[in-house]
Amino acid sequence: MRALEAVIGYCPHLSGISNTRSRINLNKMATVKFLFEDTSIPPQTVSGDFEDKSILELTEDYDIHLNHNCGGVCACSTCHVYVEKGDEFLEEISDKEEDFIDRAINPRLESRLGCQCVILDNDAEITVTIPDQRRIIGHEH
Ligand code: FES
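Residues numbered from 1 in each chain as written. Predicted model: local features only at pLDDT ≥ 70, side-chain atom pairs only at ≥ 80, totals over all residues.

### So, the overall build of the chain
Thought 1: Of regular secondary structure, the chain possesses four helices and five strands.
Thought 2: Going from N to C terminus, the chain has its helices and strands arranged as α-α-β-β-α-β-α-β-β.
Thought 3: Buried residues in the chain amount to 25% of all 141 residues.
Thought 4: The long-range share in the chain, meaning contacts at least 24 apart out of those at least 6 apart in sequence, stands at 67%. (Helix = DSSP H or I, 4+ residues; strand = E, 2+ residues; numbered from the N terminus. Buried ≥ 20, exposed ≤ 12 C-beta atoms within 10 Å, placed from the backbone. Contact = placed C-beta atoms within 7 Å.)

What follows is the structure in structure tokens.
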């Protein structure tokens, strides 16, 4: 309620509707659109409170196949993805991540490792392409 008043200023007409105001509470939701190199898989868009979640965690949550042989500790390249849009909403790439991206299949400028792509806030609008997982030797998790 105070956050909303800070944005719009005090309004006596709103004073009796605190529940409405807390629902308004600037509930932002991040949106991530998944595209797939394997065109037999339809695109999928998910929205929610994704702050501090990685792209790999989202793929797990939404049953999207993305290999992750090292378990998400930046020690392989099997979670390689292409961030087509919204890179500014992700944690910056590290030297270690760049080293592993160089070992991925078909690395490009937009390449990232899904486990290292941590979403910074819920303003995020991100589009990610998942490489064809049939070309990657992955462990079943
Ligand atoms: S799961 Fe191994 S680097 Fe992401």
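### Points about the nonpolar core
Thought 1: Grouped together as the largest cluster of nonpolar side chains are 23 residues, with contacts concentrated most on Val32 and Val128.
Thought 2: Those elements that place two or more of their residues in this core are strand S1 (30-36), helix H3 (55-61), strand S3 (80-85) and strand S5 (125-130).
Thought 3: Sequence-distant contacts of valine 128, defined by excluding residues within four places in its chain, comprise Val32, Phe34, Ile55, Val81, Tyr82, Val83 and Glu84. (Core = buried A, V, L, I, M, F, W, Y, C linked by C-beta atoms within 7 Å.)

### Thoughts on the environment of histidine 80
Thought 1: Positionally, histidine 80 belongs in strand S3.
Thought 2: Under the C-beta neighbour-count criterion, histidine 80 is labelled buried, with 23 such atoms within 10 Å.
Thought 3: For histidine 80 and asparagine 106, which are 26 residues apart along the polypeptide, the C-alpha to C-alpha distance reads 9.6 Å.
Thought 4: What histidine 80 contacts, discounting residues up to four positions off in sequence, is Ile101, Ala104, Ser111, Leu113 and Pro131.

### Quick look at the sheet that holds S3
Thought 1: Pairing in this open sheet of five strands is mixed, and the strands run S2-S1-S5-S3-S4 from one edge to the other. Where the open sheet ends on each side, the last strands, each with one partner, are strand S2 (44-48) and strand S4 (111-113). Taken over all neighbouring pairs, the strand axes of this sheet differ in orientation by 35 degrees on average, direction set aside.
Thought 2: Looking at chain direction, S3 and S5 are connected through three bridges and run antiparallel. Looking at the pairing, lysine 85 lines up with threonine 127 of S5. (Pairing = 2+ DSSP bridges. Axes fitted to C-alpha atoms, helices over the stretch in contact; angles between N-to-C directions.)

### Structural notes on the confidence of the model for the chain
Thought 1: Mean pLDDT over the chain: 86, with 79% of residues reaching 70 or higher.
Thought 2: Contacts of residues 1-25 to residues separated by more than four positions or lying in other chains number eleven contacts, the stretch itself having pLDDT below 50. (pLDDT = per-residue confidence, 0-100.)

### A word on unusual backbone geometry
Thought 1: Positive phi outside glycine occurs at aspartate 63, with the angle close to 60 degrees.
Thought 2: With respect to the helices, strands and loops of the structure, aspartate 63 is situated in the loop between H3 and S3.
Thought 3: By the C-beta count within 10 Å, which is 7 here, aspartate 63 ends up exposed.
Thought 4: Phi at asparagine 106 takes a positive value of approximately 50 degrees, unusual for a residue other than glycine.
Thought 5: Among the structural elements, asparagine 106 can be located in the loop between helix H4 (95-101) and S4.
Thought 6: C-beta crowding within 10 Å serves as the criterion here: with 11 such atoms nearby, asparagine 106 is assigned to the exposed category.

### What to know about the pairing of S5
For a regular strand, side-chain orientation follows a simple rule: the groups alternate between the two sheet faces.
Thought 1: Side chains Ile126, Val128 and Ile130 project from S5 onto a buried face, and the interleaved Glu125, Thr127 and Thr129 project onto a face without burial.
Thought 2: As paired strands, S1 and S5 are joined by six bridges and run parallel to one another. Looking at S5, one finds that threonine 31 is bridged to glutamate 125.

### Quick look at the environment of aspartate 38
Thought 1: By the secondary structure assignment, aspartate 38 is in the loop between S1 and S2.
Thought 2: A count of 12 C-beta atoms within 10 Å places aspartate 38 in the exposed class.
Thought 3: C-alpha separation for the pair aspartate 38 and proline 131, spaced 93 residues apart in sequence, amounts to 7.3 Å.

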